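# Per-entry structural report
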Amino acid sequence: MVAALSTLTYKIVHPEVPFDLTKDFTPVALLAVGPLVMAVDPKLGVNSVKEFTALAKSRPGQILFGTVGPGSLPDLCGELYAERAGVKLVQVPYPGSPQVTTDLIGGRIMMSFQITSAIIGQIKSGQIKALAVATDKRSDLLPDVPTMAEAGIPDFNTPLWFGLLAPAGTPRPVIDKLAAAAKQAMHAPDTVDLLRKQGFAPEDMEPDQFGAFIKSEIARWSAVVSDANIKE
C-alpha cells in the first residue's frame, strides 16, 4: 500500500478507524516528500510571515485560513503556525484544494497552506502571494521564497510525504527486496524529473528508519491535534 501523511493524520482525528499503522503494517520505504507553501491573499498587503503574524495579532479570531478538512495537513500546518506564532486563526474547511485556491484569490479567506505545485501558476501570476515554504529546504519551484525557519518560525519541517507499506508479518527478505526496488524506481531519471515538476523529491529511508519516522510523525501530529482540539 502507498500511504500518505493523511493516512496517519486521519487515524489520529478518527481513532475509531479500525487500523493501526504501527501494528497492522510493516514499513518498507519512504518514497517522496513535497513542501507546502504558506500562501496569502495579496490584497492583505503583507510581504512576509512576520508581517502576516503582526496582522493576525492585531485581528485575533478574524483571520480565516482555508483547509481541505479537519486533520488535513493544511489544517495541521495552520494550527502549528498559530501555536508557534501566538495567533488565533479560524479554519474554513473546503471539499478540495481548488475551492481553497478560488476563495483565496477572491479574498474570502486570507491564508492557506497548500502543495506548492497546486498553486505555482497563481503564485507566478501574482494572484496569490507565497510567504514561506514549510520545509527545511527551499523549493526548486520557488527558490526565492524563504523557509518557515528563515521567516522566523523554527522547527517547521512539515512536508507531505508518501511511503510504501506491506502487511504486518511480511518476511524481512521480502521487505528488503521491495525497499531496494522502490529505491531504484524512485531514483530513475524519468521519475526524478516527474517528481521535481510536481514539487516533490525522492527520499532514501530504510525500512527501520521509515518505521521510526512514522512513530515520530504520529507523536508530533497527535500533540498538534490534541492542543488544537481538532475534531471532525
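Coordinates for the structure precede this section.
Residues numbered from 1 in each chain as written. Predicted model: local features only at pLDDT ≥ 70, side-chain atom pairs only at ≥ 80, totals over all residues. Heavy atoms only, no water.

## Describing the sheet that holds strand β2 (residues 25-34)
For clarity, the cut-off: Being paired, for any two strands, means DSSP has found at least two bridges between them. The way it works is that DSSP assigns letters per residue, a run of H or I at least four long becomes a helix, a run of E at least two long becomes a strand, and they are numbered from the N terminus.
Ordered by their spatial adjacency, four strands build an open sheet running β1-β8-β2-β9, and the pairing between neighbours is antiparallel. Only two strands of the sheet have a single partner each, and these edge strands are β1 (2-4) and β9 (201-202).

## Some remarks on the pattern of salt bridges
Going by this rule: Criterion for a salt bridge: a side-chain nitrogen of Lys or Arg within 4 Å of a carboxyl oxygen of Asp or Glu.
Counted according to the given criterion, the structure contains eight salt bridges. The closest approach of N and O atoms between Arg172 and Asp208, which form a salt bridge, is 3.1 Å. A residue pair is termed long-range when its members are at least 10 positions apart, and Arg172 in helix α6 (residues 172-186) and Asp208 in helix α8 (residues 207-228) qualify at 36 residues. Here Glu217 ties to Arg220 by a salt bridge, and the two come within 2.8 Å at their closest N and O atoms. You can see Glu217 and its partner Arg220 sitting in helix α8, three residues apart, about one turn around the helix. Linked by salt bridges that have partners in common, Arg172, Asp176 and Asp208 make up one network.

## Describing the nonpolar core
Generally speaking, nonpolar side chains in soluble globular proteins are found buried as a group. Spelled out, the test is: Buried residues of nine kinds, namely Ala, Val, Leu, Ile, Met, Phe, Trp, Tyr and Cys, make up a nonpolar core once their side-chain atoms join them within 4.5 Å. Burial classes: relative accessible area under 20% of the type maximum marks a residue as buried, over 50% as exposed, and values in between as partly exposed (1.4 Å probe, protein chains only).
With 59 residues, the main nonpolar core has Tyr81, Phe113 and Met148 as its most contacted residues. Judged by nonpolar contacts, the second largest core, of 15 residues, contains Ile109, Ile123, Val133 and Val145.

## What to know about the side chain of Ser72
The following threshold applies: Whenever a nitrogen or oxygen atom comes within 3.5 Å of another N or O atom, the pair is scored as a polar contact, on the condition that within protein one atom can donate a hydrogen and the other can accept it, and that pairs from neighbouring residues in sequence are kept only if both atoms are in side chains.
Mapped onto the elements, Ser72 comes out in the loop between β4 (63-67) and α3 (73-85). Separated by 2.6 Å, the side chain of Ser72 and the backbone oxygen of Gly69 make a polar contact.

## With respect to the sheet that holds strand β6 (residues 111-115)
Test applied: Structural elements are reduced to axes, namely lines fitted to C-alpha atoms, with helices fitted over the stretch in contact, and the angle between N-to-C directions of any two is expressed from 0 to 180 degrees.
Strand order in this open sheet of five strands is β5-β4-β6-β3-β7, and the pairing throughout is mixed. Here the strands that pair on one side only, and so sit at the sheet edges, are β5 (89-93) and β7 (129-133). Within the sheet, the average angular offset between the axes of one strand and its neighbour, ignoring direction, is 30 degrees. Bridge count for β4 against β6 is two bridges, and the pairing is parallel.

## Some remarks on the layout of surface pockets
Quick note on the threshold: Method remark: on a 1 Å grid restricted to protein atoms, a set of points is classed as a cavity if a 1.4 Å probe fits but cannot get out and as a pocket if it is open with protein on both sides within 12 Å along at least five of seven lines; lining residues have an atom within 4 Å of a point. Grid points are joined across faces, edges and corners, and a volume is the space filled by probe spheres set on the points. As a working rule, the residues Ala, Val, Leu, Ile, Met, Phe, Trp, Tyr, Cys and Pro are called nonpolar, Asp, Glu, Lys and Arg charged, and the rest polar, with Gly in that last group.
In this structure, the largest pocket encloses a volume near 450 Å³. As for the largest pocket, its lining consists of 17 residues, and the residues nearest its centre are Val33, Pro35, Lys137, Arg138 and Ala201. Looking at the lining of the largest pocket, its residues break down into seven nonpolar, four polar and six charged. What the second largest pocket holds in volume is close to 250 Å³.

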